[in-house]
Amino acid sequence: MRSHDWFKRGGLHGFIYRSWVYNGGLTRESLDGRPVIGIANSWSELTPCNRNLRQLADLVKQGVIEAGGLPLEFPVMSLGETLMRPTAMMFRNLSAMAIEETIRANPMDAVVLLTGCDKTTPAAMMGAASAGLPSILLSAGPMTKSFHNGAPISVTQMWKFSEERRAGRMSDEEFAEIELKLNASEGHCPIMGTASTMASLVEILGLSLPGNAAAPATSAERRRLAVETGKAAVLAARSDEGIASYCDRRSLQNAIVLLSALGGSTNAVIHLIAFARRIGIQLTVDDFDKLSDAVPNLANIEPSGHFAMEDYYRAGGTSVVINELIKGSLVDGTSRNFLGHSLSSLYASSGTPDQKVIFSVDQPYKNTKSIAVVRGNLAPMGAIVKVSAASKELLEHEGPAYVFDNVDVMRRAMADPNFDVPDDTVLVLRNCGPKGYPGMAEVANMPLPKKVLERGVRDMVRVSDARMSGSAFGTVVLHVSPEASSGGPLSLVETGDRIRLSLHSRSIDLLVDEAILDKRRAELQSFSSDRSVGGYRELYAQFVNEAADGADFSFLVHQRPVSLPLDNH
Ligand code: FES
């Protein structure tokens, strides 16, 4: 046990390591050599989606103790999607770095990662992957359903309610009433947004126990899962296998297939690429396009479908989907989890699709491809289109660009009731990528001009180097790489230029002569300015990779040895 190098030491070193830990009331038996399980808790009152992790941590501890281990909980930087500015994404790498180094610096033999809100999960996955200790993840679980006028409502409809209000079809009073009702319980967003998508992906990657994704935050099953996770962590500590020892390219391919079958969040593309590269696997955006080609959509869940995570849970959740994908030979069931068990053995008795919320491979919910990658002179490194959330008729489209240089300019224009553009316009929002925003805001699904909405138009092609919330919808070409702030071609577009999107040919092109683009490029360079601001923001801007490369820091893209640090006294 790695922890023995601290707690089983003789002399003054051992005295110091043990004596200070005893101040919590631990007995000598607690430090008799049993596995020490760290519990990395992203609980925070500033992260409402992770609010129940305080209670879940106690249940994980119960499981660790029942299995003969010693639990030691520690706080990690929490990333609340709704409150953090400029974006929670800007801090994903910082949190990952803190988790990695806290694990490495301390006497633990395995770690349980408690996460929930969107970025807390990939941060924990990336940090734990680089640290190399046995690691198990437990999610907060989704909120229960909320209702308005007797009908279920969710975060997905929030965008639609906002558009209805702007179009004058919903009163301010009703909008305020929904604000109070929307988030009905503890837990993360109750749709297949980024949090639920990532919670599903950790299941198929083998990083969590089966059932992690769907059990509601407030359910007895979520609490039992916490106890079982604690017990499993003790077993994992004895097996001493870090993520890289079982999570391989097969596992990541399985995760891409699941992402596609769920119609999951586009944010997962960035997070999976970053995670894979932490364990030495060169995943690319093209893997997502290729592997999702033959995968039907099996889950009728918002935002791509109609139901909530609570309905999905009752239908069997991600376990049923994984089992169905294994049976349909779309997922490799020989992939292993953190205890060395194959996916086939873990999910064989997961039940069958109800053909209402979860569908079979033979009779899928939709045959629509979930995520596609487009390239062209506007996005040489690629850009993402969430096909399942787009309007089919706009996926082959050519129109004039209207360019917003940044999000403030865009918001001001959209707030102006007289702002108008032709209906076939391609709205372009730039300087919102990893470096540009900074932190790659979820603003790619920009609202439509009020005038356009009043004419009954509900979707337009939008192109941006930003991300889009997992709960958002629309024909949005996002994650354009390289980003405008790195000098990518998006920085060369001018209002009135024509842009052509073709899903069929997987292309996004700016229809402007190369000679004109070269001239614009030369002029642009003369305006480049020093963006140094100091602190973490400067570190971020200096080292963050393009979205197509996972937006990780260039100096973190690897696993680092979990070797024991030197004594500190
Ligand atoms: Fe936290 Fe949606 S805002 S999961």
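In the block above lies the structure referred to throughout.
Every chain is numbered independently, its residues counted from 1 as its sequence is written. With pLDDT at 70 or above as the cut-off, local features in this predicted model cover only qualifying residues; side-chain atom pairs require 80 or more to be listed or tallied, and sums for whole chains, interfaces and linings still use all residues. The basis for every side-chain value is the complete set of non-hydrogen atoms in the structure, without hydrogens or water.

For this analysis, a ring pair means two rings from Phe, Tyr or Trp (six-membered ring only for Trp) whose centres lie within 6.5 Å, classed as stacked if their planes differ by under 30 degrees, edge-to-face if by over 60, and tilted for the remaining angles. Inspection of every chain in the model, using the stated rule, returns 11 aromatic pairs. Ring centres of Phe 359 and Tyr 365 lie 5.4 Å apart, and the angle between their planes is 35°; on these two criteria the pair is classed as tilted. Aromatic pair Tyr 540 and Phe 553: ring centres 5.6 Å apart, planes at 75°, arrangement edge-to-face. With a gap of 13 residues between them, Tyr 540 in helix α20 (residues 535-543) and Phe 553 in the segment after α20 connect regions that are remote in the sequence. The pair formed by Tyr 540 and Phe 553 is uniform in burial state, with each residue classed as buried. Put simply, the rings of Phe 91, Tyr 536, Tyr 540, Phe 543, Phe 553 and Phe 555 touch in pairs and so form one group of aromatic residues. Each helix is a run of DSSP H or I of at least 4 residues and each strand a run of E of at least 2, with the numbering of both proceeding from the N terminus. We call a residue buried when its accessible area falls under 20% of the maximum for its residue type, exposed when it is over 50%, and partly exposed in between, using a 1.4 Å probe and counting protein chains only.

Take the packing of helix α8 (residues 194-205) against helix α11 (residues 249-262) next. Here, axes are lines fitted to C-alpha atoms. For helices the fit covers the stretch in contact, and angles between N-to-C directions go from 0 to 180 degrees. Closest axis-to-axis distance for the α8/α11 pair is 9 Å, and the angle between their directions is 145°. The crossing of α8 and α11 is right-handed. Residues Thr 197, Ser 200, Leu 201, Ile 204 and Leu 205 of α8 lie in contact with α11, whose contacting residues are Ser 251, Leu 252, Asn 254, Ala 255, Leu 258, Leu 259 and Leu 262. The residue makeup of the contact of α8 with α11, split by class, is eight nonpolar, four polar and no charged. Should the near helix be turned anticlockwise from the far one by less than a right angle, the crossing is left-handed, and should it be turned clockwise, the crossing is right-handed. Note on contacts: a residue pair qualifies if any of its non-hydrogen atoms lie within 4.5 Å across the two residues. Three categories are distinguished: nonpolar for Ala, Val, Leu, Ile, Met, Phe, Trp, Tyr, Cys and Pro, charged for Asp, Glu, Lys and Arg, and polar for the others, with Gly belonging to the last.

Turning next to the pattern of salt bridges. Each reported salt bridge corresponds to a side-chain nitrogen of Lys or Arg within 4 Å of a carboxyl oxygen of Asp or Glu. Scanning all chains against the criterion turns up 44 salt bridges. We note a salt bridge from Arg 166 to Glu 163, for which the minimum N-O separation is 3.1 Å. Within this pair, Arg 166 and its partner Glu 163 are both found in helix α6 (residues 155-166), separated by three residues, close to a single helical turn. In this structure, a network of salt bridges that share partners links the residues Glu 81, Asp 118, Lys 119, Glu 442 and Arg 467.

Moving on to the nonpolar core. One broad rule of soluble globular proteins: the nonpolar side chains tend to lie buried together. Put simply, buried Ala, Val, Leu, Ile, Met, Phe, Trp, Tyr and Cys residues joined by side-chain atoms within 4.5 Å make one nonpolar core. Residues Phe 275 and Tyr 312 are the most contacted members of the largest nonpolar core, which totals 140 residues. Excluding residues within four positions of it along the chain, Phe 275 makes contact with Met 125, Met 126, Ala 129, Leu 205, Leu 207, Ile 243, Cys 247 and Leu 252. One finds Leu 492, Ile 499, Leu 501 and Val 512 within the second-largest nonpolar core, a separate group that totals 29 residues.

A few words on the side chain of Thr 425. The residue Thr 425 is located in the loop between α17 (407-415) and β10 (426-429) in this model. Judged by its relative accessible area of 3%, Thr 425 falls in the buried class. A distance of 2.6 Å separates the side chain of Thr 425 from the backbone oxygen of Pro 422, its partner in a polar contact. In this structure, Thr 425 is in contact with Pro 400, Ala 401, Tyr 402, Met 460 and Val 461, ignoring residues within four places of it in sequence. Polar contact is defined as a pair of N or O atoms within 3.5 Å, subject to the rule that within protein one atom must be able to donate a hydrogen and the other to accept it, and that residues adjacent in sequence are counted only when both atoms are side-chain atoms.

Our focus in this paragraph is the side chain of Asn 50. Tracing the sequence through the fold places Asn 50 in the loop between β1 (36-41) and α3 (53-66). Residues within four places of Asn 50 in sequence aside, it is in contact with Ser 42, Trp 43, Ser 44, Ser 78, Thr 115, Gly 116, Cys 117 and Thr 120.

Next up on the list: a nonpolar patch on the surface. Any residue with relative accessible area above 30% and no salt bridge may belong to a patch, with like charges joined within 9 Å and the nonpolar Val, Leu, Ile, Met, Phe, Trp and Tyr side chains within 5 Å. Residue exposure ignores everything except the shown protein chains as possible cover, and the areas themselves are Shrake-Rupley values with a 1.4 Å probe. Judged by side-chain polarity, Leu 12, Phe 15 and Trp 20 come together as a nonpolar surface patch covering roughly 400 Å² of accessible area. Summarising the element assignment, Phe 15 is placed in helix α2 (residues 11-21).

For the rest of this paragraph, the subject is the sheet that holds strand β3 (residues 110-115). With parallel pairing, the four strands of this open sheet are ordered in space as β2-β1-β3-β4. What marks the edges here is a single partner per strand, and that holds for β2 (70-75) and β4 (135-139). Between one strand and the next, the sheet's axes are offset by a mean angle of 20°, whatever the strand orientation. Of the pairings in the sheet, the one linking β1 to β2 comprises six bridges and is parallel in character. By the bridge assignment, Ile 37 is partnered in β2 with Pro 71. Lying on the sheet, helix α9 (residues 220-239) is in contact with β1, β3 and β4; it crosses β4 at an angle near 175°. When DSSP finds two or more bridges between two strands, those strands count as paired.

Our next topic: helix α4 (residues 92-105). Under the convention used throughout, the expected extent of a helix is 1.5 Å for every residue step, that is, one less than its residue count. The first and last C-alpha atoms of α4 sit 20 Å apart over 14 residues, in line with the 20 Å expected at 1.5 Å per residue. If you follow the buried residues of α4, they end up packed against β2, β3, α5 (120-131), α12 (267-278) and α20.

Most of β4 is tucked away: five of the five residues are buried. The alternating pattern of β4 places Ser 135, Leu 137 and Ser 139 and Ile 136 and Leu 138 on opposite faces, both of which are buried. Inspection of the sheet shows β3 paired to β4 by five bridges, in the parallel sense. Bridge pairing links Leu 113 to Leu 137 in β4. Note on handedness: a clockwise path from strand one over the helix to strand two, with the strands aimed away from the viewer, defines a right-handed crossover. The parallel pair β3 and β4 is bridged by α5, and the resulting crossover is right-handed.

Here the focus is unusual backbone geometry. Residue Pro 86 is bonded to the preceding Arg 85 through a cis peptide linkage, with omega at 0°. Residue Pro 438 follows Tyr 437 across a cis peptide bond; omega there is 5°. Looking at the element boundaries, Pro 438 is found in the loop between β10 and α18 (450-454). The backbone of Ser 329 sits at a positive phi, close to 60°, despite the residue not being glycine. Unlike most non-glycine residues, His 479 shows phi in positive territory, near 60°. Of note, His 479 is situated in strand β12 (residues 476-481).

Counting buried positions along β1 yields six of six residues, so the element is predominantly enclosed. The alternating pattern of β1 places Val 36, Gly 38 and Ala 40 on one face and Ile 37, Ile 39 and Asn 41 on the opposite face, and all of these are buried. Viewed along the sheet, the connection from β1 through α3 into β2 turns out right-handed. Examined bridge by bridge, β1 and β3 share five bridges and lie parallel to one another. Following the sheet pairing, Gly 38 is matched in β3 by Val 111.

On to the environment of Asn 254. Its location among the elements puts Asn 254 in helix α11. As for Asn 254 and Asp 332, which are separated by 78 residues in sequence, their C-alpha atoms are 6.6 Å apart. Beyond its immediate stretch of four places on either side in the chain, Asn 254 contacts Ile 204, Val 331, Asp 332, Ser 335 and Leu 343.

Along the chain, the position of Val 557 falls in the segment after α20. Those residues within four positions of Val 557 in sequence are excluded, and the remaining contacts are Arg 277, Asn 545 and Asp 552.

The next point concerns the packing of α11 against α12. For the pair α11 and α12, the least separation of the axes is 11 Å and the interaxial angle reads 175°. Classified by the interaxial angle, the pair formed by α11 and α12 is roughly antiparallel. In this structure, α11 contributes Leu 252, Ala 255, Ile 256 and Leu 259 to the contact, and α12 contributes Ala 268, Val 269, Leu 272, Phe 275 and Ala 276. In terms of residue class, the contact of α11 with α12 is built from nine nonpolar, no polar and no charged. Put simply, angles under 35 degrees are roughly parallel, angles over 145 are roughly antiparallel, angles from 65 to 115 are roughly perpendicular, and the rest are oblique.

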